[in-house]
Amino acid sequence: MVTNKFIKLCTLLMLLGGMQANAELRIVVDGGVEEPTNIAVVPFGWNGDSPLAENISAIVANDLRRSGMFKLMNEENMLSSPESQAQIFFRDWRISGNDFMLVGSMKPTANGVKATVELFDILTEKKIWSQTIDSSGSDLRDVAHYIADEVFQKITGIRGAFATKVVYVTVQGRGAARKYRLQMADSDGARSQTILASKEPILSPTWSRDGQKLAYVSFETNRPAIYIQHLSTGKRQKVQSFKGINGAPAWDPTGNKLALVLSKDGNPEIYVLNLQTGGLIRITNHFGIDTEPTWSPDGQSILFTSDRAGRPQIYRVAASGGKPQRITFNGNYNSRGRLTQDGRFLTMVHQDASGYHIAVQDLQSGRLDILTTSRDDESPTISPNGVVVMYATKLRGRGVLAGVSLDGKIKFTMPSSLGEVREPAWSPFLN
């Protein structure tokens, strides 16, 4: 029997509530690793006459803090403010309990700002990374996120994802005054901007693998249609539209094809549309509801949600079609599957007696771990480095975005002070 929640997913009528447009998200870290790495990010020196528009060292510190893997030394506890190695007395910083420290200095240039940064292992007193970065005055946040990514990778061995973006959908007003917006922001919620505003629902945003395009569903013509947005030019194009459902677009790795859900033949099925030729291939053929496609990283197969066994579960089928293989068996409800870039871990919405949660399944061992304890979790999206799952949930009755690491140890929420947020989609690496 098809559940009401599953029907809502298939008919793409999910967005409820209201939100003020262009509101920035605020990140609150709820939990981190048991033994975080101690690091001091010393305020960078500035050799300029006017204050900078952004505090780069503070942004770096906040990026590392919200990862849940670092414990940042409070600035008020720092005994000095070195800007280079020659000014560092390592013994003082070692006594303060720090493992690493980042120092830096900035100065104005004819075209903007030059930042020189150095990262040190305090125990060995060795420099493990340094770089001089030239930038325009308008991209200081990009510089900060880049530095945080480098520090994160040098210490953890994992590529940082602070310089990525996230898109999400918001809603403002009620009834006839309701307005939907597709928003894009930095991964920390800053610099939000409106990609599209409409009086009709906007759903299922998804990034192309090169980070240059978005695909999404819009009801602006009073029926669902899929659109592609070119971010660099603002160009927008409508994908071939059919009667019935046109929904849940998913880019293949090349950016030349979209998997999508169509009901043009009477039942929701998975199709693949070649964007270059216009050719359309039907991938599934079953009386059950097939929806929520996502590509494997190598583009050879498509995962999707289907109730063909009586309850929603996740299946895999060859990208050219064929007999689907069921891959989730734990519990009576698993949907909205998303793969890490190495193809090993599958995140999903999993239902148990207490509600709908975010879960992850190791496709090698088959082990399923439930990562969240909230009751109304949906729309998981994975950071491009495979470390964190962002999802939509409820906090005190209001829709927010939240995140959890794949091991369940790091947790954060991203509430907006002005209303509801839905349908997050994390970008690929953008540099």
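Residues numbered from 1 in each chain as written. Predicted model: local features only at pLDDT ≥ 70, side-chain atom pairs only at ≥ 80, totals over all residues. Heavy atoms only, no water.

K.L.:
When you look at the sheet that holds strand β30 (residues 411-414) in this model, what are you seeing that I'm missing?
P.N.:
Strands pair in a sheet through their backbones, by hydrogen bonds, and they do so in one of two ways: parallel or antiparallel. If you walk across this open sheet you meet the 5 strands as β1-β30-β29-β28-β27, and the pairing is antiparallel. In the strand order of this sheet, the two ends are held by β1 (28-31) and β27 (378-382), each with one partner. Pairwise comparison of adjacent strand axes, ignoring direction, gives a mean angle of 25° for this sheet. Pairing of β1 with β30, which is carried by 3 bridges, proceeds in the antiparallel orientation. Bridged to Gly 31 within β30 is Lys 411. (Pairing = 2+ DSSP bridges. Helix = DSSP H or I, 4+ residues; strand = E, 2+ residues; numbered from the N terminus. Axes fitted to C-alpha atoms, helices over the stretch in contact; angles between N-to-C directions.)

K.L.:
I tried to follow helix α4 (residues 140-156) on my own but got confused; where do I start?
P.N.:
Here α4 contains 17 residues, and its C-alpha end-to-end distance of 24 Å stays within 8% of the 24 Å for a straight helix at 1.5 Å per residue. Along α4, 12 of the 17 residues are buried, which leaves the element largely enclosed by surrounding structure. By the burial criterion, the buried members of α4 are Leu 140, Arg 141, Val 143, Ala 144, His 145, Ile 147, Ala 148, Asp 149, Glu 150, Val 151, Phe 152 and Ile 155. A positive phi of about 80° marks Gly 157, the residue just after α4. (Expected span 1.5 Å × (residues − 1). Buried < 20%, exposed > 50% of the residue type's maximum accessible area, 1.4 Å probe, protein only.)

K.L.:
What exactly am I supposed to notice about the confidence of the model for the chain here?
P.N.:
The predicted coordinates ought not to be read in detail in places where the model reports low pLDDT. For the chain, mean pLDDT is 90; residues scoring 70 or higher make up 94% of the total. Considering only residues more than four positions removed or in separate chains, one finds that residues 1-23, a stretch of pLDDT under 50, has 78 contacts. (pLDDT = per-residue confidence, 0-100. Contact = heavy atoms within 4.5 Å.)

K.L.:
Hey, could you run me through the pattern of salt bridges in this one?
P.N.:
Any two side chains of opposite charge can pair if their charged atoms end up close together. Taken as a whole, this structure holds 22 salt bridges when the rule is applied. A salt bridge links Glu 150 to Lys 154; the nearest nitrogen and oxygen atoms lie 2.9 Å apart. You can see Glu 150 and its partner Lys 154 sitting in helix α4, 4 residues apart, about one turn around the helix. Accessibility expressed as a relative area gives 16% for Glu 150, which makes it buried. For Asp 265, the salt bridge goes to Lys 264, with nearest N and O atoms at 3.4 Å. We classify Lys 264 as partly exposed; its relative accessible area is 23%. (Salt bridge = Lys/Arg side-chain N within 4 Å of Asp/Glu carboxyl O.)

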